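# Coordinates in review
For reference, the chains in residue letters:
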Amino acid sequence: MLILGIESSCDETGVALVETTGDAVPVLRSHALFSQIAMHQAYGGVVPELASRDHIRRVLPLTDEALSNAGCQLSDVDLVAFTQGPGLAGALLVGAGVAVALGAALHKPVLAVHHLEGHLLSPFLSADPPEFPFVALLVSGGHTQLMRVDAVGQYELLGETIDDAAGEAFDKSAKLLGLPYPGGPHLSKLAEQGNPQAYALPRPLLNSGDLDFSFAGLKTAVLTQVKRLVGADLSGLLAAHAADALSDQERADVAASTQAAIVEVLLKKSLKALSHTGLKRLVVAGGVGANRSLREQLNAARGVRVHYPELHLCTDNGAMIAMAAAMRVRAGVWQPGAALHSFQVRPRWPLDELVAAT
Ligand code: KG4
Ligand code: ZN
């Protein structure tokens, strides 16, 4: 079965083709991606209306590209999958509208996919796919969650952030250091030149006893540290100007200390989740899963097998959406969208509300 997957929940338009045959692990035939990062950079974050308009411009050319790279035609597609949520409502509507229209035109079923399920199952596209059951650490710009995953569609929430996501903590701290959006990769690069122990930044909820996270206080701690370094009056100085006054080494040290704080919390809570569940396999997915320091420290943890998506599939893409659909088909836990000519998006949609057969 050839599955076309469409992702448009935020600032990446992705279209991919995944093929599933019997019990074999589904295979990625092609994927095409356009990132809007450059367009949003001028605003320091994603502008939802611009995102929606750009998805409209990109989605059909990307569909053509994915089909031609796989040597296929639209008529070869057996199932159309799209991201139904969570995400930006207007952006989601573009992918949903195109998917439902294609399904209607081709007389093929349409499957609504949960974006986080896409991230969660994306390591099955790697050369080293995990086996069920496992603990999943989902770390993106909008989510930080630990889930117990027993099978496709069987997800139990173990803990999550009570405020900002880990990606947000990276992005907001990076902004304070005057780095471009999205800050995570830039901060991580700068951190390579710095000393992670230079400044003691808080590790919120590290010893809370549960598996929840809190990152909202970190950006304030980073700002306070920056202002302390430049000797500024804490109330008076604008954040961006404070960072300008730092030396290159100080900036790198702040970046390294910030990354160390975020990574330590993610590492320790993931290990705690493994010991609570008695499981030995960890899947790390979502944009922050591309972070090198996080990967190095998780890989060094004893008695744990860690699985990641391919680096280029850590951030949003169509392949993970087609893959999630394929995994549902393979596991027999899917139902095509009921009415082919109507659809809904779900901008807010907790993953543990996803039942086995949606
Ligand atoms: O999964 P994703 O592409 O989009 C969401 O669904 O949110 O994740 C984007 C997030 C951003 O916050 C970005 O800064 C972060 O992932 N990110 C990183 C790295 N690469 C992407 N954070 C830290 N280190 C990285 N190397
Ligand atoms: Zn994502």
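Presented here is a report on the structure given in the accompanying data block. (Residues numbered from 1 in each chain as written. Chains lettered and ligands numbered in written order. Predicted model: local features only at pLDDT ≥ 70, side-chain atom pairs only at ≥ 80, totals over all residues. Heavy atoms only, no water.)

## Regarding the coordination of the zinc ion (ligand 2)
Every protein donor of the zinc ion (ligand 2) is listed here as H115 (NE2), H119 (NE2) and D316 (OD), and their distances to the metal cover 2.0 to 2.1 Å. Seen from the zinc ion (ligand 2), its four donor atoms lie at angles of 92 to 147°, and the figure they make is irregular. Binding-site remark: the zinc ion (ligand 2) is held by donors from one chain whose sequence spacing is H-x3-H-x196-D. Linking H115 with H119, this pair stays in helix α4 (residues 115–121), spanning four residues, or about one helical turn. Judged by its relative accessible area of 1%, H119 falls in the buried class. (Donors = N, O, S within 2.8 Å, 3.2 Å for Na, K, Ca; no water. Tetrahedral: all angles 85-135°; square planar, octahedral: opposite > 155°, others 65-115°. Helix = DSSP H or I, 4+ residues; strand = E, 2+ residues; numbered from the N terminus. Buried < 20%, exposed > 50% of the residue type's maximum accessible area, 1.4 Å probe, protein only.)

## Quick word on the sheet that holds strand β4 (residues 79–85)
In space, the five strands of this open sheet follow the order β3-β2-β1-β4-β5, with mixed pairing throughout. Edge strands, defined here as strands with exactly one partner in the open sheet, are β3 (27–35) and β5 (110–114). If you compare each strand with its neighbour and ignore which way they point, the axes differ by 20° on average. Relative to β3, strand β2 (residues 12–19) is paired through eight bridges, and the arrangement is antiparallel. Among the inter-strand pairings, T13 is bridged to a residue of β3, identified as F34. Sheet strands in contact with helix α2 (residues 48–70) are β1 (2–7), β2 and β3, and its direction is about 25° off that of β2. Helix α11 (residues 318–331) rests against β1, β2, β3, β4 and β5 of the sheet, and its axis sits at about 135° to β1. (Pairing = 2+ DSSP bridges. Axes fitted to C-alpha atoms, helices over the stretch in contact; angles between N-to-C directions. Contact = heavy atoms within 4.5 Å.)

## Re the nonpolar core
With 48 residues, the main nonpolar core has L266, L282 and V284 as its most contacted residues. Tallying contributions element by element places helix α9 (residues 248–277) first for this core, with 12 residues. Other than its neighbours up to four places away in sequence, V284 contacts L137, V139, G289, L294, L298, V306, H307, Y308 and P309. (Core = buried A, V, L, I, M, F, W, Y, C linked by side-chain atoms within 4.5 Å.)

## Overview of the pattern of salt bridges
This structure, assessed with the given rule, holds 15 salt bridges. Note that E19 and R29 form a salt bridge whose closest N and O atoms lie 2.6 Å from each other. Highlighted residues: E19 in strand β2 and R29 in strand β3, separated in sequence by 10 residues. Classification of E19 by relative accessible area gives partly exposed; the value is 27%. Classification of R29 by relative accessible area gives partly exposed; the value is 34%. For D54, the salt bridge is made with R58, and the minimal N-O distance between the two is 3.1 Å. Placement of the pair is D54 and R58 together in helix α2, with a separation of four residues, close to one helical turn. Judged by its relative accessible area of 28%, R58 is partly exposed. (Salt bridge = Lys/Arg side-chain N within 4 Å of Asp/Glu carboxyl O.)

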